[in-house]
Amino acid sequence: MSAARVDYIAPWWVVWLHSVPHFSLRLQPVDSTFNPRDKSYQESLLLLGLLAAICLGLNLAFLTTYLVCACCCRRDHEVHTKQRSSCCITWTAVAAGLICCAAVGVGFYGNSETNDGAYQLVYSLDNANHTFSGVDELVFENAQRMKVDLEQHLARLSEIFAARGDYIQTLKFIQQMAGNAVAQLSRLPVWREATVQLTELSDQTTYVEYYRWLSYLLLFILDLVICLVTCLALAKRSKCLLASMLCCGLIALLLSWASLAADTTAAVGTSDFCMAPDIFILNNTQGQISTEVTRYYLYCSQSVSSPFQQALTVFQRSVTSMQIQVSGLLQVAVPLFPTAEKDLLEIQLLLNSSETSLHQLTAMLDCRGLHKDYLDALTGICYDGIEGLLFLGLSSLLAALAFSMLICVGPQAWKHFTTRDRDYDDIDDDDPFNPQARRIATHNPPRGQLHSFCSYSSGLGSQSSLQPPTQTISNAPVSEYMNQAVLFGGNPRYENVPLIGRGSPPPTYSPSMRATYMSVADEHLRHYSGEFPA
C-alpha cells in the first residue's frame, strides 16, 4: 500500500466525496467501499439520485406557491408602483440571464474536463491492451518456432545423421532444450481473457462518453437559447413567446435537476473507486491472474522482483545452449554432411529470432510500462473525470437557479403587459394622445384627410393656390403648455403650433386616468406658477 501511495495520491475532492454517508433505501448504513455488484451499495448510490429528485420536488413546490401568490395578489396600478415593478422584472431577468450564461460556461468546462478524463482512460486501456496482446503474440510465436519449425529441421537432420550416434545425441539434446524452453513459456500468464475484457471496457467507455458529451452539449445549447429568447420576449413584450419559453424553461429545470442527480451519483461512485483502486482490482482479478502478478503491476516496487524472471532466465539459457550446439554441428558435421548445412543455418536463424523476441518479451513484461498506463488511467478518472463531474453539478445548480428566477418573473411580466394594455384600452380610439391610436393612424390614415395633388392644382392654376394654409400662432400661456408636456411624459419644450389654445376638443379619459390627470395637473400648476407668471 505504501508503494502505491507514493505514486498515486487521491485528491481532496475524492476524499470529500468518499466521506459522504452511504445509506440503503431502508436508511441503513452501507460500507462505502466500491462494490458495484453489491445490491446495498447500488441502493446507496440510487438514494443520492433520489435526494436530487426530492430537491426538485421542493423547488417545484416553491415555484407553485410563488406563482399562486403572484396570480392571486392584486397590486396598485399607480405610476410609481408600476415603475418599481418594471425595474424589478428587468433586473431579475438580467440576473437570471447572467447566471444562465455562467452555468453554461461552467458546464462547458466541466464537460470538456470529463471528456478528457474519459478519453485518457480509454487511451491507457488501449495501451495496456496492446501490451498484453503483444506479450501473447510473442509467446505464441516462440512456442510455434520451438514446437513446429525446430522439430521439422531436427527430423530432417536425424535422417541425415542416422549413421552418426554422437550427432544424434546432440540433436536429442537440442530437442530437450527446445521442450524446456516451451515449458518456460507456458509458465507465463495468458492475457487473452484480460485483453477481451479491456477491449470491451474501452469500447463501452467510448460509446457512453460520446453520447454523454453530446447530451450535455445539447443541454447547454438549449439552456442558452431558452434564456436568451426569454429575455428577448421580455424586451419585446411578447406574451406568446414568453409563455412558450416559460414552458421550455420548466423542461430545462427538470433536465437540470436530472443531470445533477446523474452527476452526483457518478461522482460519489467514482470517488469510492479512486479511494482504493488497487483493492478493487485485486478482488476482481482473483481466479484470472495470480495475486503476485497483479501486485507486481499495481505497485511496481524495486524491492519486488519480477514473477517472470525465473521463466525468462531459463528460456534464455535454453536458447543459448541450443545456439552453442548448433554452432558446433556447423563446424564439425557440415564438412561430412554438406546437405545438413541448410537445416543447421535455418535452426541458427530461428534461435537468433527467439533470442531477439526474448528481449522484446522481457521489456513488455516489465512493470514500468503497464504501471504507467495504470497511473494515467487513474489520473484521467480521479482527477480530470471527477473534477469535471463536480463542475457539471455546479452548472446544473446554477441553471436550476436561473430558470427558477425566470419562471418566477414570468407572471409578473405577464401582469405588467396586461396592465399596460388595459391602460391603453381605457382611452378612446379617437384620442390623439393614445399611443395605439397614433400607431394605427400612422399605418392607416383616414381617406377623408388625404388630398390629391389634383385637388390643389384644379383651381386658378397659379402658384398661390398651392401655398399651404397659414399657421395660427397661439397666445396661450407658456405655463399651461409646459404643464401639458410634463403631464404626458415629455420634457417641456416650445413648438410653433402648440395644441393648447387652438380650440380643439379635450381628449376623453377613463375616470381613473381623469383623477390622475387632475392631481398631476394641479401639482405642476403650483410648481410653475411662480416660475412663469401669466
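Residues numbered from 1 in each chain as written. Predicted model: local features only at pLDDT ≥ 70, side-chain atom pairs only at ≥ 80, totals over all residues. Heavy atoms only, no water.

Description of the overall build of the protein
How we decide: Note on conventions: DSSP H or I runs of at least 4 residues are helices, E runs of at least 2 residues are strands, and numbering of each starts at the N terminus. In this description, contact between two residues means that some pair of their heavy atoms is separated by no more than 4.5 Å.
The secondary structure content of the protein amounts to 16 helices and zero strands. Here the contacts in the protein between residues at least 6 apart in sequence split such that 81% fall between residues at least 24 apart.

Notes on the packing of helix 5 (residues 165–186) against helix 10 (residues 309–332)
We apply this condition: The convention used is that axes are lines fitted to C-alpha atoms, helices contributing only their stretch in contact, and that angles between N-to-C directions extend from 0 to 180 degrees. For classification purposes, angles smaller than 35 degrees are called roughly parallel, those larger than 145 roughly antiparallel, those between 65 and 115 roughly perpendicular, and all remaining angles oblique. Handedness of a crossing follows from how the near helix is turned relative to the far one, being left-handed for an anticlockwise turn of less than a right angle and right-handed for a clockwise one. Amino acids are sorted into nonpolar (Ala, Val, Leu, Ile, Met, Phe, Trp, Tyr, Cys and Pro), charged (Asp, Glu, Lys and Arg) and polar (every other residue, Gly among them).
It is at 9 Å that the axes of helix 5 and helix 10 come closest, and there the two elements cross at 160°. The angle between helix 5 and helix 10 places the two elements in the roughly antiparallel class. The hand of the helix 5/helix 10 crossing is left-handed. Here Tyr-167, Thr-170, Leu-171, Phe-173, Ile-174, Met-177, Ala-178, Asn-180, Ala-181, Gln-184 and Leu-185 of helix 5 lie close against helix 10, whose contacting residues are Gln-310, Ala-311, Val-314, Phe-315, Ser-318, Ser-321, Met-322, Gln-325, Val-326, Leu-329 and Val-332. Along the lines of polarity and charge, the residues of the contact of helix 5 with helix 10 split into 15 nonpolar, seven polar and no charged.

With respect to the UniProt feature "transmembrane region" (unreviewed entry) in the protein
To be explicit about the condition: UniProt positions are given in the numbering used here, feature names are shortened, and annotations may be inferred rather than shown by experiment.
The UniProt feature table records "transmembrane region" (unreviewed entry) at residues 45–68, 88–109, 213–234, 241–260 and 389–410. Helix and strand shares over residues 45–68 are 100% and 0% respectively, and the end C-alpha atoms of the span are 35 Å apart. Helix and strand shares over residues 88–109 are 100% and 0% respectively, and the end C-alpha atoms of the span are 32 Å apart.

Quick notes on the packing of helix 6 (residues 192–236) against helix 7 (residues 239–275)
At a closest axis distance of 9 Å, the pairing of helix 6 and helix 7 adopts a crossing angle of 150°. Here helix 6 is positioned roughly antiparallel relative to helix 7, judged by the angle of their axes. Between helix 6 and helix 7 lies a crossing whose hand is left-handed. Of the residues in helix 7, those in contact with Tyr-216, Leu-219, Leu-222, Asp-223, Ile-226, Val-229, Thr-230, Ala-233 and Leu-234 of helix 6 are Leu-241, Leu-242, Met-245, Cys-248, Gly-249, Ala-252, Leu-255, Ser-256, Ser-259 and Asp-263. Grouping the amino acids of the contact of helix 6 with helix 7 by side-chain chemistry returns 13 nonpolar, four polar and two charged.

Brief notes about a nonpolar patch on the surface
Rules: Note on patches: the residues involved have over 30% relative accessible area and no salt bridge, like charges join within 9 Å, and the nonpolar side chains Val, Leu, Ile, Met, Phe, Trp and Tyr join within 5 Å. Residue exposure ignores everything except the shown protein chains as possible cover, and the areas themselves are Shrake-Rupley values with a 1.4 Å probe. We count a salt bridge whenever a side-chain nitrogen from Lys or Arg sits within 4 Å of a carboxyl oxygen from Asp or Glu.
Together, Tyr-119, Tyr-207, Val-208, Tyr-210, Tyr-211 and Trp-213 give the surface a local cluster of nonpolar side chains, amounting to about 640 Å² of exposed area. Ranked by residues supplied to the nonpolar patch, first place goes to helix 6 with five residues. Inspection of the secondary structure puts Tyr-119 in helix 4 (residues 79–160).

Points about the confidence of the model for the protein
Detailed reading of the predicted model is not advised wherever pLDDT is low. Our working definition: Confidence of the predictor in every single residue is expressed as pLDDT, which spans 0 to 100.
The pLDDT averaged across the protein works out to 79; a share of 73% of its residues lies at or above 70. Mean pLDDT across the elements of the protein ranges from a minimum in helix 14 (residues 453–457), with 37, to a maximum in helix 2 (residues 12–18), with 94. The low-confidence segment residues 1–6, where pLDDT is below 50, has seven contacts with residues more than four positions distant or belonging to other chains. When the criterion is pLDDT under 50, residues 420–429 qualifies, and its contacts beyond four places in sequence or with other chains add up to 19 contacts.

Remarks on the environment of Thr-64
How we decide: Per-residue accessibility, obtained with a 1.4 Å probe over protein chains only, is compared with the maximum for each type, and a residue is labelled buried under 20%, exposed over 50%, and partly exposed between these values. In protein, a polar contact means a hydrogen-donor-capable atom and an acceptor-capable atom, both N or O and within 3.5 Å, with residues adjacent in sequence counting only if both atoms are side-chain atoms; elsewhere, any N or O pair within 3.5 Å suffices.
Relative to the helices and strands, Thr-64 resides in helix 3 (residues 39–72). On the basis of relative accessible area, Thr-64 is assigned to the partly exposed category, the value being 46%. Along the sequence, Thr-64 and Cys-408 sit 344 residues apart, while their C-alpha atoms lie 9.3 Å from each other. Looking at Thr-64, its side chain comes within polar contact range of the main-chain oxygen of Leu-60, at 2.7 Å.

Comments concerning unusual backbone geometry
Although it is not a glycine, Leu-27 adopts a positive phi angle of roughly 60°. Counting through the fold element by element, Leu-27 comes out in the loop between helix 2 and helix 3. Among the residues examined, Leu-27 registers a relative accessible area of 59% and is labelled exposed. We note that Cys-300 has phi near 50°; this positive angle belongs to a residue other than glycine. Secondary-structure assignment places Cys-300 in the loop between helix 9 (291–299) and helix 10. Residue Cys-300 is classed as buried on the basis of its relative accessible area, which comes to 18%.

Brief notes about the pattern of salt bridges
Evaluated as defined, the whole model comprises six salt bridges. Salt-bridge contacts for Asp-366 lead to Arg-368; the nearest nitrogen and oxygen are separated by 2.7 Å. By relative accessible area, Arg-368 is classed as exposed at 62%. Asp-376 is paired through a salt bridge with Lys-372; the nearest N and O atoms lie 3.0 Å apart. In this pair, Asp-376 and Lys-372 are both assigned in helix 12 (residues 367–425), four residues apart and thus about one turn of the helix distant.

A closer look at the packing of aromatic side chains
Heads up, the rule is: Here the aromatic set is Phe, Tyr and Trp, taking the six-membered ring for Trp, and pairing holds for ring centres within 6.5 Å; pairs whose planes are under 30 degrees apart are stacked, those over 60 apart are edge-to-face, and all others are tilted. Should the NZ of a Lys or the CZ of an Arg lie within 6 Å of a ring centre and within 35 degrees of the ring normal, that charge is described as sitting over the ring.
Under the criterion given, the structure shown has 20 aromatic pairs. Between the aromatic rings of Trp-12 and Trp-13, the centroid separation amounts to 5.5 Å while the plane-to-plane angle is 80°, which identifies the pairing as edge-to-face. A relative accessible area of 13% places Trp-13 in the buried class. Of the aromatic side chains, those joined through ring pairs into one cluster are Phe-132, Trp-191, Tyr-296, Tyr-297 and Phe-308. Above the plane of the ring of Tyr-167 lies Arg-164, whose end atom (NZ or CZ) is 4.5 Å from the centre.

A word on the state of the cysteines
Quick note on the threshold: Counting rule for disulfides: a pair of cysteine sulfur atoms within 2.5 Å.
Counted by the stated rule, this structure contains two disulfides. Linked covalently through their sulfurs, Cys-274 and Cys-382 form a disulfide whose S-S length is 1.9 Å. On the S-S bond that ties Cys-274 to Cys-382, the torsion sits near -90°, and the link is left-handed. Of this pair, Cys-274 sits in helix 7 while Cys-382 sits in helix 12, and the two are 108 residues apart along the sequence. Here Cys-274 matches Cys-382 in class, with each residue buried. Linked covalently through their sulfurs, Cys-300 and Cys-367 form a disulfide whose S-S length is 2.1 Å. Its S-S torsion of approximately 60° makes the covalent link between Cys-300 and Cys-367 right-handed. Taken together, the residues Cys-300 in the loop between helix 9 and helix 10 and Cys-367 in helix 12 connect sequence positions 67 residues apart. Of note for the protein: the bonded cysteines, numbered N- to C-terminal, pair according to 1-4, 2-3. In this structure Cys-100 is a free cysteine whose sulfur lies 3.7 Å from that of Cys-227, the closest cysteine sulfur available.

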